[in-house]
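Coordinates in review
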Amino acid sequence: MAVAERTIGTSPPRKEDPELITGQARYTDDLTMPGMLHMVVVRSPFAHARIKGVDASKALAMDGVVAVYTGADLAADWAGPLLMAWAVSEDLKNPPHWPLTKDEARHQGDGVAVVLATSRAAAKDAAEAVEVDYEPLPVVVDMEAALADGAPLVHEDQGTNKAYTWSLKNGDVDAVFAAAPVVVKERYVIQRAIPTAIETRAVIADPSPAMGEYTLWSATQIPHIVRVAMVVATGIPESKLRVIAPRVGGGFGSKLQVYAEEALCLLVAKKLGRPVKWVEERSENYLATHHGRDQIQVAELAADEQGKIRGFRFNIMVNMGAYLMIITPGTPLLGAFVYCGCYGGDAYEVNFTGVFTNTTPTDAYRGAGRPEATYAIERIIEALARKVGKDPVEIRRLNFLPAFTEPTPMPGGLSIDSGNYDATLDQALELAGYDQLRKEQQVRRERGDTKQIGIGLSTYLEMCGLAPSRVLKALNYAAGGWDAATIRLSPTGKVQVIAGTSPHGQGHATTFAQIVADDLGIPFDDIEVITGDTTLAPLGMDTYGSRSIAIGGVAVHRAAMKIVEKTRRIAAHELEVSDEDLDYASGTFSVKGAPDRAKTVPGLAWSAWTAHDLPDGMEPGLEETAVYDAANFVFPYGAHICAVEVDTETGQVDILKYVAVDDVGVVINPQIVDGQVAGGVIQGIAEALFEEAVYSDDGQLLTASLTNYEVPAASDVPSIVIGRGPELPSTTNELGVKGVGETGTIASPPAVINAVIDALSHLGVTDVPRPASPENVWRTIRSTRGGDGR
Amino acid sequence: MRQISVTVNGTRREADVEPRQLLVYFLRETLGLTGTNVGCDTSTCGSCTVLLDGQSVKSCTMLAVQADGHEVTTIEAMATNGELHPIQRAFHEHHGLQCGYCTPGMIMAADSLIREAAGPLSEAEVRIGLEGNLCRCTGYQNIVQAVMAASQEMQGGVKARAGKGGGS
Ligand code: FES
Ligand code: FES
């Protein structure tokens, strides 16, 4: 019998695409319900203000306006505040976060009231007519200022702006630092970033009043978690609430959230008995959707005279914004274990201090904690190289953990699944033409060119596949980290895969279908994947933290293996042999030594359905569910090299070449993986060169539109060169897969910034602020040369 | 309210519209053509790109009344008789989309760019030609590849300009 060709490792064009390229896909804003009302949120223009009164009379008198509710109006209706799921420490301050604030606005854009009207335009006009009496209060936006004595308090009743402290310590760090002949210490500022998915958020709540049932459509990454959180906020029981994430236009962490507008639409739909829709405007998105990053880092390494690292110490301040959202305090912790990068050392310490400010809350943004960790270690290791007089390549090779294919401990305290750091670096150096670049750099230096070349490296360790539930418990996270899949065969051998992850561009339908096609020997085209619906796919933990293949994909594989086990018993029964007498390959069971006597999975699906002759005691039908909880994380790694040209007169930075070598274990669909790498790298380059959320001292977001917040266009960025390294299978799971969604964003910012610094090192430059915009670079050059930087 | 008559995807559509209604909402809400997306309120993202008399425009920068008497083409009309347009096919084959939200606008902008060019487009020409359309997912790499491939197919007969814009 012909063996089906393996699809893993090939790139069939995506199953998702046909509706997306023809305009037939339905995102949340494309949906309309009968009798639907439109909701607009009235938002505070002040970063901090007492709400003394709200007068909605003018708004209520306008055409089409059905209702206006303030925070006070709804106060008695809530069952609880918005969910904060990660109480990282005992000292955590967690002031309740209500969907509409009742007393005080604590950041620009904080929701004060909602207007419901029969059209979007009417709701907008009426929102402008709602009169709110604000009493402005003192504002604090800077973290260091927020921790100073006498600072204005974001939450008066908490008595402090310090949200929490959290530490991780391995080994005798102080002794190692005291004894070390070489210590380097630097301070880095990771600017605030705004995720900016091109689809803004959108929500529709559709009630069935007579049944007490609700359907919530939301442009979310996490329908399952939203459902639980809505129970907490609204008291609607889970059994009566279906949450659907239809097509979702990108997330990058910004839709890994439980938002006020989800709870508001549901509650208002419940009160009015009508469907309610809310669609976020872009400038509103900048204020009302969470931001990311925003850290001040003090990085230290202790080393010997050669530059061999002995100890790591990082003290980090993290801007929480005005409220703790679902994982605001925990986001930095996701990077806490990889501040060592892929280097060895005896002692390790990471301390976080979370700080409240009158700014939009921060939370997960693509990479969530690991880009910050990677930035700190990949910058400070170059400082160490400069200190001991080594080349950036040499210092890394000296400190790499040796290659391994079995779980190996690292200074951060976890055990890494597999890695060969020299191998990815070797490939990156070759693809970049490193020696040639260095020669070119030398030539330009000697000629004293205006445009200088710099070469930056980033050899990173990523930790993803969130997450082993026991580890999450140890870190005090409220939920688990498993995921689930059900595989259902129809009588004619077609397949539905029902998965608990919830994609928004990653290509799960394609990738999961490839896994099942190979496991069951069923054609790729005969497999459909269903996701993003808590009724159709009730078991799931959704999509974030590069978990979908490493957790969800493994669950799919395990469910397929259960199908194999059941069909094996049916095949053995029909062929009148014992289970052990059967060989199995790609969907075909054949009798050992008599390969002509065979049964295929699709045929056995028919047998399972007719149930005419099943083994005694076997239930009819062919449907299996697997829930997978990983024993460990997965650890992608790699080497990125960026070559830039910096104009020393204008500060303009141009990328000449960008090489990304990422070992993400076994690759299911190379084209999709390359797409994730390219997208992630460009998003990281954007942080390094263009993007920055800027607040004025009085808490006004100055970059609150797509014209001020510089998301790069195609003409601003290069094509990148992609390599895969040795593709060592992960030892954490049987597919050998690691995650790939975030590697690019994690690895690229330090590669770019190191390159810019390298281009200017002959001028004595050792630091450049992020983003390395022409202005920031020019000022750096001026101030290093002794000018006044103006 | 003002009465307008617009030929949309080959069909004459008459409607009463509010003078302040943007073309994009006329398409999406009045005509139910939701393939054209909205990604911003500053005419920056290009998600709403359609063709007006064959040339790409951002439909959020125009009022519906300004389209009176003109021809509008949206993403819904790019495939004909179930056959994908070469640009659609190229996006599919080159993985030029992830979440797909920017895709209709990208495809419409690419169509006008390719047709207005004298021959197959180079990488630099595609990157500059699409600078009014933002994508947050793909890093543009595969979009550029897709548009170059489609341009080759659509304009390949016109004039081959050798050696430009190889890429991986
Ligand atoms: S919606 Fe962004 S440019 Fe039109
Ligand atoms: S594919 Fe998601 S914005 Fe372009």
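Every value quoted in this text rests on a predicted model; they were computed, and no experiment measured them.

Within chain A, the regular secondary structure consists of 20 helices and 28 strands. The C-alpha radius of gyration of chain A comes to 28 Å, within 12% of the 28 Å expected for a compact globule of 790 residues. By its C-alpha atoms, chain A is 90 × 70 × 50 Å across when sized along the principal axes. The burial tally for chain A puts 65% of its 790 residues in the buried class. Taking the contacts inside chain A whose residues are at least 6 apart along the sequence as the reference set, 80% of them involve residues at least 24 apart. For chain A, the accessible surface area stands at approximately 26,400 Å², while carbon and sulfur atoms represent 50% of it. Here chain A contributes 68 positively and 102 negatively charged side chains, and the mean placements of these two sets differ by 1 Å.

Let us now look at the interface of chain B and chain A. Counting residues at the interface gives 46 residues for chain B, matched by 55 residues for chain A. Buried area between chain B and chain A, summed over both chains or domains, comes out near 4,000 Å², and the portion from carbon and sulfur atoms is 54%. The interface formed by chain B and chain A holds five salt bridges in total. The salt bridge involving Arg 28 of chain B is made with Asp 29 of chain A; its shortest N-O contact spans 3.3 Å. For the interface between chain B and chain A, the tally reads 27 residue pairs in polar contact (both at pLDDT 80 or more). Contributing elements (two or more residues each) for the side of chain B that touches chain A: α1 (23–30), α2 (86–93), α3 (103–116), α4 (123–129) and α5 (141–155) of chain B. With four residues, α2 of chain B is the largest single contributor of residues to the side of chain B that touches chain A. Of the residues belonging to the side of chain B that touches chain A, the class tally is 17 nonpolar, 19 polar and 10 charged.

Moving on: the packing of helix α13 (residues 434–447) of chain A against helix α19 (residues 743–760) of chain A. Residues and elements named next belong to chain A. At their nearest, the axes of α13 and α19 sit 11 Å apart, and the two run at 40° to each other. Packed against α13, whose contacting residues are Arg 438, Gln 441 and Arg 445, the element α19 presents Asp 758, Ala 759 and Leu 760 at the interface. When its residues are assigned to classes, the contact of α13 with α19 shows two nonpolar, one polar and three charged.

Residues and elements named next belong to chain A. The domains assigned to chain A are domain 1 (17–23 + 482–628), domain 2 (31–137 + 196–288) and domain 3 (421–461 + 634–790). Here domain 1 and domain 2 have C-alpha centroids that lie 39 Å from each other. Facing the 18 residues of domain 1 at the interface are 17 residues of domain 2. Across the domain 1 to domain 2 interface the summed buried area is about 1,400 Å²; carbon plus sulfur atoms make up 49%. Considering only the surface of domain 1 that becomes buried against domain 2, His 504, Thr 534 and Asp 542 emerge as the three largest contributors, covering 43% of it. Viewed at the interface, domain 2 and domain 1 are joined by two salt bridges. Applying the counting criterion to the domain 1 and domain 2 interface returns eight residue pairs in polar contact (both at pLDDT 80 or more). Here the side of domain 1 that touches domain 2 is composed, by residue class, of seven nonpolar, eight polar and three charged.

Turning our attention to the sheet that holds strand β8 (residues 182–193) of chain A. Residues and elements named next belong to chain A. Read from one edge of the open sheet, five strands run β7-β15-β14-β13-β8, paired in mixed fashion. Lying at the two open borders of the sheet, with one neighbouring strand each, are β7 (162–170) and β8. Geometrically, the sheet is characterised by an average inter-axis angle of 10° between neighbouring strands, direction not taken into account. Note that strand β14 (residues 309–321) and strand β15 (residues 347–356) share 10 bridges and pair parallel. Considered in β15, the bridge of Arg 313 is made with Glu 349. The strands touched by helix α10 (residues 370–388) within the sheet are β8, β13 (292–303) and β14, with β8 carrying the most contacts at an inclination of about 145°.

Now for empty space enclosed by the protein. All names here are of chain A. Overall, the coordinates contain seven cavities of 30 Å³ or more when judged by the stated rule. In this structure, the largest cavity occupies an estimated 620 Å³ of space. Forming the boundary of the largest cavity are 43 residues, of which Gln 506, Ser 546, Gln 676, Val 740 and Gly 741 lie nearest the centre. At the level of elements, α15 (508–520), α16 (548–575) and α18 (670–689) are the ones that each hand at least two residues to the lining of the largest cavity. Across the lining of the largest cavity, the residue classes tally to 19 nonpolar, 19 polar and five charged. Taken as a whole, the second largest cavity holds about 160 Å³ of empty space. Taken together, 17 residues line the second largest cavity, and the ones lying closest to its centre are Arg 43, His 97, His 107, Ala 260 and Ala 288. Every element with two or more residues in the lining of the second largest cavity is listed here: β1 (37–43), α8 (260–272) and α9 (282–288).

On to the confidence of the model for chain B. Residues and elements named next belong to chain B. Residues of chain B with pLDDT of at least 70 account for 93%, and the chain-wide mean is 93. Considering only residues more than four positions removed or in separate chains, one finds that residues 159–168, a stretch of pLDDT under 50, has 17 contacts. Across the predicted assembly, pTM comes out at 0.97 and ipTM at 0.97.

In this section: the pattern of salt bridges. With the rule as written, the count across this model stands at 60 salt bridges over all chains. Of the charged contacts in the structure, one is a salt bridge between Arg 397 of chain A and Asp 426 of chain A, with a shortest N-O distance of 2.6 Å. Of this pair, Arg 397 of chain A sits in helix α11 (residues 392–399) while Asp 426 of chain A sits in helix α12 (residues 421–432); the two residues are 29 residues apart in sequence, bridging distant segments of the chain. One connected set of salt bridges, linked through shared partners, spans Asp 29, Asp 30, Arg 120 and Lys 277 of chain A together with Arg 28 and Glu 29 of chain B.

Turning our eyes to something else, we now look at the packing of aromatic side chains. Residues and elements named next belong to chain A. Under the criterion given, the structure shown has 15 aromatic pairs over all chains. Seen from their ring centres, Tyr 188 and Tyr 375 are 5.8 Å apart, and the 80° between their planes marks the pair as edge-to-face. Within this pair, whereas Tyr 188 is found in strand β8, its partner Tyr 375 is found in helix α10, the two being separated by 187 residues in sequence. Clustering of aromatic rings is evident, with ring pairs tying together Tyr 343, Phe 400, Phe 404, Tyr 421 and Tyr 637. The residue whose ring lies beneath Lys 15 is Phe 524, and the NZ or CZ to ring-centre distance is 4.4 Å. One residue, Lys 102, lies across the ring of Trp 98, its end atom 4.4 Å from the ring centre.

Residue and element names in this part refer to chain B. Interaxial distance between α3 and α5 falls to 10 Å at its minimum, and their mutual angle equals 40°. When the interaxial angle is binned, α3 and α5 end up oblique. Here α3 and α5 pass one another in a crossing that is right-handed. The residues of α5 that touch α3, namely those facing Met 106, Ala 110, Asp 111, Ile 114 and Arg 115, are Ile 143, Val 147, Ala 150, Ser 151, Met 154 and Gln 155.

Take the layout of surface pockets next. Residues and elements named next belong to chain A. Considering only enclosed or pocket space, the second largest pocket measures out at about 680 Å³ in volume. Lining the second largest pocket are 31 residues; nearest its centre among them are Glu 19, Pro 246, Arg 247, Val 529 and Thr 531. Those elements that provide at least two residues to the lining of the second largest pocket are α1 (17–21), α15 and β21 (527–530). It is β21 that contributes the most residues to the lining of the second largest pocket, three residues altogether.

This paragraph deals with the side chain of Lys 738 of chain A. Residues and elements named next belong to chain A. Position of Lys 738 relative to the elements: it lies in the loop between β28 (721–723) and α19. Among the polar contacts listed, one links the side chain of Lys 738 to the side chain of Asp 417, at a separation of 3.4 Å. Those residues in contact with Lys 738 that sit more than four places away from it in its chain are Asp 417, Ser 418, Ile 549, Val 634, Phe 635, Pro 636, Tyr 637, Asp 663, Val 664, Gly 665, Leu 728 and Ser 730.

What follows is about unusual backbone geometry. Following Leu 466 of chain A, the chain continues to Ala 467 of chain A via a peptide bond in cis, the omega torsion being -15°. Here Arg 770 of chain A and Pro 771 of chain A are connected by a cis peptide whose omega angle stands at -10°. Note that Pro 771 of chain A resides in the loop between α19 and α20 (774–784). At Asn 476 of chain A, a residue that is not glycine, the phi angle is positive and equals roughly 70°. Phi is positive for Asn 9 of chain B, which is not a glycine, with a value near 50°.

Residues and elements named next belong to chain A. Listed as buried for helix α17 (residues 601–610) are Val 601, Leu 604, Ala 605, Ser 607 and Ala 608. Seen end-on, α17 carries its buried residues on one side only, within an arc spanning 160°. Those residues of α17 that are buried are in contact with β19 (483–489), α15, α16, β22 (582–585), β23 (588–591) and β24 (594–600). Where α17 ends, the next residue or the one after it, Ala 611, has phi of about 60°, a positive value.

Conventions adopted
Residues numbered from 1 in each chain as written. Chains lettered and ligands numbered in written order. Predicted model: local features only at pLDDT ≥ 70, side-chain atom pairs only at ≥ 80, totals over all residues. Heavy atoms only, no water. Helix = DSSP H or I, 4+ residues; strand = E, 2+ residues; numbered from the N terminus. Rg over C-alpha atoms; globule rule 2.2 N^0.38 Å. Buried < 20%, exposed > 50% of the residue type's maximum accessible area, 1.4 Å probe, protein only. Contact = heavy atoms within 4.5 Å. Areas by Shrake-Rupley, 256 points an atom, 1.4 Å probe, with all protein chains shown as cover. Lys, Arg positive; Asp, Glu negative; His and termini not counted. Charge placed at Lys NZ, Arg CZ, Asp CG, Glu CD. Buried area = accessible area lost by both parts, 1.4 Å probe. Salt bridge = Lys/Arg side-chain N within 4 Å of Asp/Glu carboxyl O. Polar contact = N/O pair within 3.5 Å; in protein donor to acceptor, adjacent residues only side chain to side chain. Nonpolar A, V, L, I, M, F, W, Y, C, P; charged D, E, K, R; others polar. Axes fitted to C-alpha atoms, helices over the stretch in contact; angles between N-to-C directions. Domains from an automatic or database assignment. Pairing = 2+ DSSP bridges. 1 Å grid on protein atoms, 1.4 Å probe; cavity = no way out; pocket = protein on both sides within 12 Å on 5 of 7 lines; lining within 4 Å. Points joined across faces, edges and corners; volume = space filled by probe spheres on them. pLDDT = per-residue confidence, 0-100. Phe/Tyr/Trp six-rings, centres within 6.5 Å; stacked < 30°, edge-to-face > 60°. Lys NZ or Arg CZ within 6 Å of the ring centre and 35° of its normal. Parallel < 35°, antiparallel > 145°, perpendicular 65-115°, else oblique. Left-handed = near helix turned anticlockwise from the far one by under 90°. Arc of directions from axis to C-beta.

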